[in-house]
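Here's the letter readout for the chains.
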Amino acid sequence: MANPEPPSPLLEIITADYQNFPHNQTYSIYAEDVFFKDPMTEFRGLAQYQKMIQFMTTWFKDSQLDLQGIEQEGDRIKTQWILSWTTPLPWQPRITISGHTEMVLNGEDKVISHIDVWDCSPWSVLQQHFVI
């Protein structure tokens, strides 16, 4: 995907959030009733989203979220990414998931929908924890 020229401030914030993930996220870009979905969970609400990110700071050690592409078309933003982390198990497995995120904005440029799609199954992610 190509970056739009010039990048919007919102795309710059999202890019910075990917670089810092899961720390120092910019929650102000999300609506209070944001809808979140990924292959493992689905919920509504900014507070719940913040709790999920906090959980990831505990369970996902040495996280790296590499942004592969970002584009905006109207009220929709799509990113492509590769997420990797070390799970705090005795054998310290390094897990990698690639996928994309589809975000929808409201009239105030707040994210009202954040849907993560993985390029693999949840089962394959679980299996990565047991390959030594």
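Everything discussed here concerns the structure shown above.
Quick look at the structure, then. None of the values given here were measured: they were computed from a predicted structure.

## Brief notes about the overall build of the protein
Check the secondary structure of the protein and you find three helices and six strands. Listed by position from the N terminus, the elements making up the protein come as α-β-β-α-β-β-β-β-α. Across its three principal axes, the protein shows a C-alpha extent of roughly 45 × 30 × 25 Å. Looking at the protein residue by residue over its 132 residues, the buried ones come to 39%. Considering only intrachain contacts with a sequence separation of at least 6, the fraction spanning at least 24 residues in the protein is 50%. Considering the protein, the positive charge centre built from 8 side chains and the negative charge centre built from 17 side chains are found 8 Å apart.

## Re the sheet that holds strand β2 (residues 42-44)
Pairing is mixed across the open sheet formed by six strands, whose spatial order is β2-β1-β6-β5-β4-β3. Each having just a single partner strand, β2 and β3 (61-73) make up the two edges of the open sheet. Averaged over all adjacent pairs, the angle separating strand axes in this sheet is 20°, with direction ignored. Where helix α1 (residues 9-20) meets the sheet, its contacts fall on β3, β4 (76-86) and β5 (94-105), and the angle it forms with β3 comes to roughly 160°.

## What about the pattern of salt bridges?
A complete count under the given rule lists two salt bridges for this structure. Close ionic contact of Glu 42 with Lys 37 constitutes a salt bridge, the shortest N to O distance being 4.0 Å. We note a salt bridge from Arg 76 to Asp 75, for which the minimum N-O separation is 4.0 Å.

## Some details on the packing of aromatic side chains
If you walk through the whole model with that rule in mind, you get six aromatic pairs. Where Phe 36 meets Phe 43, the ring centres are 5.1 Å apart and the plane angle is 25°; that geometry is what we call stacked. Given a relative accessible area of 2%, Phe 36 falls into the buried group. Relative accessible area serves as the criterion here: at 12%, Phe 43 is assigned to the buried category. The interplanar angle of 5° and the centroid separation of 4.0 Å between the aromatic rings of Phe 60 and Trp 85 together place this pair among those described as stacked. Placement of Phe 60 in the loop between α2 (46-59) and β3 and of Trp 85 in strand β4 is noted, with a sequence separation of 25 residues between them. Summarising the burial analysis for this pair, Phe 60 and Trp 85 share the class buried. Taken together through their ring pairs, the aromatic side chains of Tyr 27, Tyr 30, Phe 36, Phe 43 and Tyr 49 make up a single cluster.

## What to know about the layout of surface pockets
In this structure, the largest pocket occupies an estimated 750 Å³ of space. Lining the largest pocket are 34 residues; nearest its centre among them are Asp 38, Met 56, Phe 60, Leu 83 and Trp 118. Looking at the lining of the largest pocket, the element that brings in the most residues is α2, giving six residues. Each residue belonging to the lining of the largest pocket can be placed in one class, and the counts come to 26 nonpolar, five polar and three charged.

## Some points on α2
Its 14 residues place the ends of α2 20 Å apart at the C-alpha level, agreeing with the 20 Å of an ideal helix rising 1.5 Å per residue. All buried positions along α2 are accounted for by Leu 46, Tyr 49, Met 52, Ile 53, Met 56 and Thr 57. Down the axis of α2, the sector holding all buried residues measures 145°, keeping them to one side. Along α2, exposed side chains directed more than 90 degrees from the buried face belong to Lys 51 and Gln 54. Along its buried surface, α2 packs onto β1 (30-37), β2, β3, β4 and β6 (111-118).

Parameters at a glance
- Residues numbered from 1 in each chain as written.
- Predicted model: local features only at pLDDT ≥ 70, side-chain atom pairs only at ≥ 80, totals over all residues.
- Heavy atoms only, no water.
- Helix = DSSP H or I, 4+ residues; strand = E, 2+ residues; numbered from the N terminus.
- Buried < 20%, exposed > 50% of the residue type's maximum accessible area, 1.4 Å probe, protein only.
- Contact = heavy atoms within 4.5 Å.
- Lys, Arg positive; Asp, Glu negative; His and termini not counted.
- Charge placed at Lys NZ, Arg CZ, Asp CG, Glu CD.
- Pairing = 2+ DSSP bridges.
- Axes fitted to C-alpha atoms, helices over the stretch in contact; angles between N-to-C directions.
- Salt bridge = Lys/Arg side-chain N within 4 Å of Asp/Glu carboxyl O.
- Phe/Tyr/Trp six-rings, centres within 6.5 Å; stacked < 30°, edge-to-face > 60°.
- 1 Å grid on protein atoms, 1.4 Å probe; cavity = no way out; pocket = protein on both sides within 12 Å on 5 of 7 lines; lining within 4 Å.
- Points joined across faces, edges and corners; volume = space filled by probe spheres on them.
- Nonpolar A, V, L, I, M, F, W, Y, C, P; charged D, E, K, R; others polar.
- Expected span 1.5 Å × (residues − 1).
- Arc of directions from axis to C-beta.

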